[in-house]
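# Architecture at a glance
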Amino acid sequence: MSNFRRGYNFSPGPAALPEPVLREVQDELLNYGGIGFSVMEMSHRSPAFMDIAERSEASLRKLLNIDDDYAVLFMHGGATMQFSAVPLNLCGADAVVDYINTGSWSKKAIGEAKRLAQVNVAASSEPECSAIPAQSDWNLSENAAYLHYTPNETIHGVEFHWIPDVEVPLVADMSSNILSRPIDVGRFGVIYAGAQKNIGPAGLAIVIVRKDLLGHARDDIPMLLNWQTIAESGSMQNTPPTFAWYISGKVFDWVINEGGLSEMELRNKRKAERLYRCIDESNFYCSPTAPESRSLMNIPFTLGRDNLDQTFLQAAEANGLFNLKGHRSVGGMRASIYNATPEAAVDALIEFMCDFEANQN
Ligand SMILES: *Cc1c(COP(=O)(O)O)cnc(C)c1O
């Protein structure tokens, strides 16, 4: 692998960015728009950055069709900070809140919420977390302040291919499948996502919150977690993660130029279908997930024989295929194929997997 060629990167996160975006950033790095310095070195209140920030938000609103009933916030602290922000903004410590447990990330959100509210786990797919539990089997509370779920479990590779139908505000951690397909934002009270999977660099979280849910935060909430405070300051209550915000805007524009979210959905379905077919048709690779719950973004698989994992990973790297190791909590392999992963990368992976299998016999 020459240093001069980029490999295909299947990292779960921070994940691959679209190459045209990286090239644009490279072009603008030393001297943004002829102003004499880089975006990293400018005031967040300067006209140049205010323009970057506004255009980024406008592009996201256009992509997801977000109307004026929703605020769009650019926050610090990744998705994990929102695990705390959700209960602190939406309810008191005595309130009952419903959570669906479908894997590692829901579990972490539940763990944090338990310290801050009365959590009812309305459904759980533990221990395997290999399928999404049907809504008809959920035990929802009478008076929950909200329902929280994780539309795509990045580690277990399971995804909701439907939106829960509930009366209470629906809160979704969309970190690993936002922008992978069109969604009806109007069905949600709150959508949040760490940027580093499908949006941009780590250090930024996007929060899309229905405006009638602002203004209910607890009195003792830290200022930077208060969605209303962040909304009123245009996400500039303190210095925001400016460089991540700037690159995210470029990614939004890249998605728009590529044909928007319906085009992303077509590509993502093609990529995932090909890879699952390769796994299912082989006698060597195995998918741990139930077919109806399979993620289009994160595809875990195991090898048919023990002790081959290291050999597989090394051979993959030698072929320019990087970051295929599964999460340490579940083992095996995982290919994360977000928007920025080209179809050619998936084809190269499939070809490699077929060759590797053939060499075992
Ligand atoms: C990666 C991820 C997180 C954690 O994101 P951080 O930005 O590291 O806090 C939370 N939820 C999901 C679904 C994720 O994929």
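In case you missed it, the structure is sitting above this.
The structure reproduced in this document is the subject of the present report. (Residues numbered from 1 in each chain as written. Predicted model: local features only at pLDDT ≥ 70, side-chain atom pairs only at ≥ 80, totals over all residues. Heavy atoms only, no water.)

## Observations regarding the site of the ligand
Within the structure, the ligand sits among 13 residues, and Thr80, Thr154, Asp173, Gln196 and Lys197 are positioned closest to it. Threonine 80 places a polar side-chain atom, nitrogen or oxygen, 2.5 Å from an oxygen atom of the ligand. Interatomic distance of 2.9 Å between a side-chain N/O atom of glutamine 196 and an oxygen atom of the ligand. Across the complex, the protein chains shield 87% of the 390 Å² of accessible surface that the ligand would expose by itself. Considering each element in turn, the shell around the ligand owes the most residues, four residues, to helix α3 (residues 78–90). Split by residue class, the shell around the ligand holds three nonpolar, eight polar and two charged. (Near = heavy atom within 4 Å. Polar contact = N/O pair within 3.5 Å; in protein donor to acceptor, adjacent residues only side chain to side chain. Areas by Shrake-Rupley, 256 points an atom, 1.4 Å probe, with all protein chains shown as cover. Helix = DSSP H or I, 4+ residues; strand = E, 2+ residues; numbered from the N terminus. Nonpolar A, V, L, I, M, F, W, Y, C, P; charged D, E, K, R; others polar.)

## Observations regarding the packing of helix α2 (residues 47–64) against helix α6 (residues 242–258)
A pair of packed helices can be characterised by two numbers: the angle between their axes and the separation between those axes. One way to put it is that α2 packs onto α6 with a least axis distance of 9 Å and a crossing angle of 40°. When the axes of α2 and α6 are compared, the pair comes out oblique. As for the relative orientation of α2 and α6, their crossing is left-handed in sense. Where α2 approaches α6, its residues Phe49, Ile52, Ala53, Ser56, Ser59, Leu60, Lys62 and Leu63 are matched on the opposing element by Thr242, Trp245, Tyr246, Ser248, Gly249, Phe252, Asp253, Val255 and Ile256. For the contact of α2 with α6, the residue count by class is ten nonpolar, five polar and two charged. (Axes fitted to C-alpha atoms, helices over the stretch in contact; angles between N-to-C directions. Parallel < 35°, antiparallel > 145°, perpendicular 65-115°, else oblique. Left-handed = near helix turned anticlockwise from the far one by under 90°. Contact = heavy atoms within 4.5 Å.)

## Overview of the packing of α6 against helix α7 (residues 260–281)
One can describe the packing of α6 onto α7 by two numbers: an axis separation of 7 Å at closest approach and a directional angle of 80°. Regarding the angle of α6 to α7, the classification is roughly perpendicular. Each of Trp254, Val255, Ile256 and Glu258 in α6 lies in contact with α7, whose residues at this interface are Gly260, Leu261, Glu263, Met264 and Arg267.

## Structural notes on a nonpolar patch on the surface
Taken together, the side chains of Leu29, Leu30 and Met40 make up a nonpolar region of the molecular surface, amounting to roughly 320 Å² of accessible area. Following the sequence through the fold, leucine 29 ends up in the loop between α1 (19–28) and α2. Given the relative accessible area of 33%, leucine 29 is considered partly exposed. (Patch = residues over 30% accessible without salt bridge, like charges linked within 9 Å, V, L, I, M, F, W, Y side chains within 5 Å. Salt bridge = Lys/Arg side-chain N within 4 Å of Asp/Glu carboxyl O. Buried < 20%, exposed > 50% of the residue type's maximum accessible area, 1.4 Å probe, protein only.)

## Some remarks on the sheet that holds strand β11 (residues 285–286)
Each strand in a sheet pairs with its neighbour through backbone hydrogen bonds, running either in the same direction (parallel) or in the opposite one (antiparallel). Overall, antiparallel pairing links the three strands, which are arranged β11-β12-β14 in an open sheet. Here the strands that pair on one side only, and so sit at the sheet edges, are β11 and β14 (333–336). For β11 and strand β12 (residues 298–303), the ladder comprises two bridges, and the chain directions are antiparallel. When the bridges of β12 are listed, tyrosine 285 appears paired with leucine 303. The strands that α7 touches are β11, β12 and β14; relative to β12, the one it contacts most, it runs at about 15°. (Pairing = 2+ DSSP bridges.)

## Digging into the sheet that holds strand β5 (residues 147–149)
The seven strands are arranged β2-β10-β9-β8-β5-β3-β4 in an open sheet whose pairing can be described as mixed. Unpaired on one side and paired on the other, β2 (70–75) and β4 (118–124) mark the two borders of the sheet. Adjacent strand axes in the sheet meet at a mean angle of 15° when their direction is disregarded. With six bridges connecting them, strand β3 (residues 96–101) and β4 associate as parallel partners. Counted as the bridge partner of aspartate 98 is asparagine 120 from β4.

## Brief notes about the packing of aromatic side chains
By the definition in use, this model includes 18 aromatic pairs. With a centroid separation of 6.4 Å and 75° between ring planes, the pair formed by tryptophan 138 and phenylalanine 160 is classed as edge-to-face. Here the residue tryptophan 138 occupies a position in the loop between β4 and β5, and phenylalanine 160 occupies one in the loop between β7 (158–159) and β8 (170–173), the gap between them amounting to 22 residues. Under the relative-accessibility criterion, tryptophan 138 is labelled buried at 7%. A centroid spacing of 6.2 Å and a plane angle of 70° characterise the contact between tyrosine 285 and phenylalanine 312, whose relative ring orientation is edge-to-face. One end of the pair, tyrosine 285, is in strand β11; the other, phenylalanine 312, is in helix α8 (residues 309–318), and 27 residues separate them in sequence. Taken individually, tyrosine 285 and phenylalanine 312 each receive the classification buried, so the pair is uniform in this respect. Put simply, the rings of Phe284, Tyr285, Phe301, Phe312, Phe352 and Phe356 pair up and form one aromatic cluster. (Phe/Tyr/Trp six-rings, centres within 6.5 Å; stacked < 30°, edge-to-face > 60°.)

## As for the pairing of β8
The two faces of β8 match: Leu170 and Ala172 on one face and Val171 and Asp173 on the other face are all buried. Taken together, the three bridges between β5 and β8 define a ladder with parallel strand orientation. By the bridge assignment, leucine 147 is partnered in β8 with leucine 170. When β8 meets strand β9 (residues 190–194), the two strands line up parallel, connected through three bridges. Its bridge partner being in β9, aspartate 173 is matched across the sheet by tyrosine 192.

## Structural notes on the nonpolar core
Residues Leu64, Leu179, Ile206 and Ile208 are the most contacted members of the largest nonpolar core, which totals 50 residues. The element best represented in this core is α6, accounting for eight residues. Beyond its immediate chain neighbours, meaning those up to four positions away, leucine 179 contacts Leu60, Leu63, Leu64, Asn198, Ile199, Phe252, Leu261, Met264 and Asn339. Listed in part, the 31 residues of the second largest apolar core include Phe301, Leu303, Leu308 and Leu324. (Core = buried A, V, L, I, M, F, W, Y, C linked by side-chain atoms within 4.5 Å.)

Any link to function would need more than the numbers given here.
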